[in-house]
Amino acid sequence: MSDAHATDAGRDVSRYMGMTMQELDELRIVGHGAVAPHLLGRGGSLRAGALLTMIDSVGGLNAGLAALPDGWVVSTNLAAQIVAPSRAGPLRFDSGLLRRGRNNVVTAVEVRDEGAADTLVASGVLTSAILVPQNGPPQWDRPLTLDTRAPTGPSPVPPVPEWLGVRMSDADAIEIDLAPELRNPWGILHGGVVAAVVDLAAEHVTGGGVTTDVVLHYLAPNRIGPIRAVARTVGTRRDGAVLRVEVCDVGAARTTAVAVVTCATTG
Amino acid sequence: MTAAYPPDQHLLRDLRFSFDHDGDRTSSRAWMPVVEEVCTDTGRARAGALATLVDVIGGGLAATAAAPGWIATADLTLSVVRCARPGSVVEARAQVLRAGRTTVVIEVALVDDREEDVGIATMSFAVLPRRDSNPEVDRMRDSPSTMAMPHSRLARPLLDELGVEVRDAARGVVDVPVIDWSRNSMGAMQGGVVATVADVAAEAALRSATGEPVVVTELYVTYLGFGRIGPVRSTVDILAAAAARGTARVELVDAGAENRRMTVVYAVATRDLP
């Protein structure tokens with residue numbers, strides 16, 4: 001779910017990712033994010049889960065602005081292809097509108113590494129459903145500028161698995177608790193965290209594989225926890241393993257997301 | 001138009017799909033016999049043909065789940081992990097993941113006749129108000145069933161039947177007419193055929209970029225609008241190209257409708273499927 005909202009509640013995930021977002025033209029958003037040490041994976045590049053969270057944030061904000069004044073949006077489907085590691089930064093996220101329908105909005109996000117000669121890092125498409133929040137859609141000053149970077153503090157920022165509190169609950173599964181700082185402004189698990197959990201489950205099952213392609217369908221909100229992600233290998237190709245990852249809200253006894261992930265397992 | 005859909009001479013008949021639908025309205029199965037006409041030059045079922053199977057079984061199940069409303073396909077993704085070769089049969093096992101007020105999500109597992117995974121697919125649909133012209137899905141859920149007629153078969157390779165013309169392989173420029181044989185129930189190019197056009201365009205461009213006989217193994221198709229007039233025209237941006245794998249972004253427009261953007265597709269092509 002996009003986390004852009006007029007209140008400050010539920011912004012911990014955005015602060016952790018440390019993004020800035022700016023509305024350039026109407027319905028065109030540019031975001032920037034650092035390749036911060038706490039977001040790096042085993043290979044020294046930005047974790048796919050962090051990248052997906054940022055894509056969801058920028059694409060979701062763009063979709064939300066497109067939905068105004070009728071409503072705001074909730075992410076329903078995120079697909080992304082990661083074509084190069086992001087090691088330098090800052091990363092630039094360019095989002096444009098592909099379609100604004102009656103019930104949904106489709107936005108595209110392209111990610112480039114400005115510190116690496118503007119290399120293309122990833123491309124993604126986010127589909128969002130339009131809904132009307134209980135208190136109405138958020139009010140923004142336009143053109144919109146958001147800076148979610150946390151103030152620099154003395155304590156080190158934990159890496160993604162520690163921040164999420166990941167437990168390797170089984171050979172094919174991981175779990176996290178639904179901690180308050182992982183919730184979005186609507187009080188449910190942030191959609192970017194769901195993506196990060198999917199990525200970590202794929203990494204766990206493949207023994208350190210790196211996510212290259214993902215489609216993630218958000219089916220229901222995670223409200224209670226713990227959140228469990230179970231990964232099954234569908235098959236293995238020369239370019240990696242294809243996995244099906246199912247995310248469940250164990251406390252609510254329901255499946256909340258299903259993803260298909262391609263994970264490079266060599267080199 | 002839709003009362004007689006599909007017509008006697010139609011892609012969905014000639015692919016000889018057969019169907020079986022469970023009574024609980026949350027799952028369906030379909031089978032596609034793999035013939036040489038649906039294969040690439042490497043002798044394996046083309047991703048676009050598998051996407052057509054997925055589109056048909058997923059669309060039918062989604063329409064059932066959305067009843068009394070109707071549906072519009074929003075996206076289709078397909079990951080292929082194993083070759084399906086001529087003489088085999090691919091089974092598509094579809095299940096409803098979500099049936100909400102505005103959205104239906106379907107998952108389709110593809111297996112071969114040895115129960116080996118061939119791939120996995122997902123589809124999303126927007127739920128729309130029903131129109132009189134929409135087909136009655138309950139009538140189509142008589143189990144088991146087939147759209148094939150006694151004479152139905154592909155007389156030529158699928159791409160020839162579709163009228164695919166590769167105009168510029170390196171740039172992935174492909175033209176495909178919108179013909180009655182490949183229309184959907186709304187009169188536009190059928191969704192699986194749209195995926196097939198993207199498959200062909202990506203394959204051509206990625207073979208040129210990699211210098212290898214890669215085949216498309218992943219498709220992420222986002223449907224933005226119908227292709228009603230044609231020709232449907234593709235262009236391809238290569239996002240990454242290495243020896244064993246390439247990634248491309250394909251955009252399809254309806255050239256006959258002032259180049260109206262129809263579809264955005266991300267495709268991955270690889271070598272040496274098991």
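Summary of the structure given here. (Residues numbered from 1 in each chain as written. Chains lettered and ligands numbered in written order. Predicted model: local features only at pLDDT ≥ 70, side-chain atom pairs only at ≥ 80, totals over all residues.)

A separate point is the overall build of chain B. In terms of regular secondary structure, chain B is built from 5 helices and 13 strands. Along the three orthogonal principal directions, the C-alpha set of chain B runs to about 50 × 45 × 40 Å. A burial count over chain B gives 54% of its 274 residues as buried. Restricting the contact set of chain B to residue pairs at least 6 apart, pairs at least 24 apart contribute 73%. (Helix = DSSP H or I, 4+ residues; strand = E, 2+ residues; numbered from the N terminus. Buried ≥ 20, exposed ≤ 12 C-beta atoms within 10 Å, placed from the backbone. Contact = placed C-beta atoms within 7 Å.)

Let's shift gears to the pairing of strand β13 (residues 260-270) of chain B. All names here are of chain B. Along β13, 9 of the 11 residues are buried, which leaves the element largely enclosed by surrounding structure. Summarising the sheet, strand β10 (residues 215-223) and β13 pair through 8 bridges and their orientation is antiparallel. Looking at the pairing, glutamate 218 lines up with valine 268 of β13. The pairing of strand β12 (residues 245-254) with β13 spans 10 bridges and is antiparallel. Bridge pairing links glutamate 251 to valine 264 in β13. Linking two consecutive strands that pair antiparallel, namely β12 and β13, is a turn of 5 residues; a positive phi of about 55 degrees is found at glutamate 258 within it. (Pairing = 2+ DSSP bridges.)

The next point concerns the environment of valine 56 of chain B. Within the secondary structure, valine 56 of chain B sits in helix α2 (residues 47-66). With sequence-adjacent residues up to four places away left out, valine 56 of chain B is seen in contact with Leu12, Phe17, Ala30 and Gly192 of chain B.

Of all hydrophobic cores here, the largest spans 179 residues; its most connected members are Ile55, Val197 and Val198 of chain A together with Ala198 of chain B. No other element matches α2 of chain B, which puts 13 residues into this core. Discounting residues that sit within four places of it in the chain, isoleucine 55 of chain A has contacts with Leu78, Ala80, Phe93, Val109, Val111, Ala122, Gly124 and Leu126 of chain A. (Core = buried A, V, L, I, M, F, W, Y, C linked by C-beta atoms within 7 Å.)

An ideal rise of 1.5 Å per residue puts 28 Å on 20 residues; α2 of chain B measures up with 27 Å between its terminal C-alpha atoms. Burial analysis of α2 of chain B places 20 of its 20 residues in the buried class, which makes it a mostly covered element. (Expected span 1.5 Å × (residues − 1).)

Reports often express the size of an interface as the amount of accessible area lost when the parts come together. Facing the 35 residues of chain B at the interface are 32 residues of chain A. In terms of residues, the side of chain B that touches chain A owes the most to one element, strand β6 (residues 117-128) of chain B, which gives 5 residues. A breakdown of the residues in the side of chain B that touches chain A according to their chemical character gives 15 nonpolar, 10 polar and 10 charged. (Nonpolar A, V, L, I, M, F, W, Y, C, P; charged D, E, K, R; others polar.)

Bringing the pairing of strand β3 (residues 72-82) of chain A into the picture now. Residue and element names in this part refer to chain A. Counting buried positions along β3 yields 11 of 11 residues, so the element is predominantly enclosed. Examined bridge by bridge, β3 and strand β6 (residues 119-131) share 10 bridges and lie antiparallel to one another. Within β6, the residue paired with valine 73 across the bridge is isoleucine 130. In this sheet, strand β10 (residues 210-218) lies alongside β3 in antiparallel orientation, the contact comprising 5 bridges. Its bridge partner lying in β10, leucine 78 is registered against leucine 216.

The residue after alanine 67 of chain B, namely proline 68 of chain B, is reached through a cis peptide bond having omega 10 degrees. Within the fold, proline 68 of chain B resides in the loop between α2 and β3 (70-80). Cis rather than trans, the peptide bond between glycine 230 of chain B and proline 231 of chain B has omega equal to 0 degrees. Mapped onto the fold, proline 231 of chain B is located in the loop between β10 and β11 (232-241). Although it is not a glycine, aspartate 118 of chain A adopts a positive phi angle of roughly 60 degrees. Positionally, aspartate 118 of chain A belongs in the loop between β5 (104-113) and β6.

A separate point is the packing of helix α2 (residues 48-67) of chain A against helix α4 (residues 191-205) of chain A. Residues and elements named next belong to chain A. In the contact formed by α2 and α4, the axes pass within 8 Å of each other and the chain directions differ by 155 degrees. The angle between the axes of α2 and α4 places the two elements in the roughly antiparallel class. The two elements α2 and α4 cross, and the hand of that crossing is right-handed. Residues Ala48, Gly49, Ala50, Leu52, Thr53, Asp56 and Ser57 of α2 form the contact with α4, whose own contacting residues are Gly191, Gly192, Ala195, Ala196, Asp199 and Leu200. Of the residues assigned to the contact of α2 with α4, the class counts are 6 nonpolar, 5 polar and 2 charged. (Axes fitted to C-alpha atoms, helices over the stretch in contact; angles between N-to-C directions. Parallel < 35°, antiparallel > 145°, perpendicular 65-115°, else oblique. Left-handed = near helix turned anticlockwise from the far one by under 90°.)

Residues and elements named next belong to chain B. For the pair α2 and helix α5 (residues 191-210), the least separation of the axes is 8 Å and the interaxial angle reads 160 degrees. One finds that α2 runs roughly antiparallel with respect to α5. In this structure, the crossing between α2 and α5 has a hand that is right-handed. Of the residues in α5, those in contact with Ala47, Gly48, Ala49, Ala51, Thr52, Asp55 and Val56 of α2 are Gly191, Gly192, Val193, Ala195, Thr196, Asp199 and Val200. Here the residues of the contact of α2 with α5 sort into 7 nonpolar, 5 polar and 2 charged.

Attention now goes to α2 of chain A. The first and last C-alpha atoms of α2 of chain A sit 28 Å apart over 20 residues, in line with the 28 Å expected at 1.5 Å per residue. Counting buried residues in α2 of chain A gives 20 out of 20 residues, a clear majority hidden from the surface.

For phenylalanine 19 of chain B, the location among the structural elements is in strand β1 (residues 18-21). Classification of phenylalanine 19 of chain B as buried rests on a count of 21 C-beta atoms within 10 Å.

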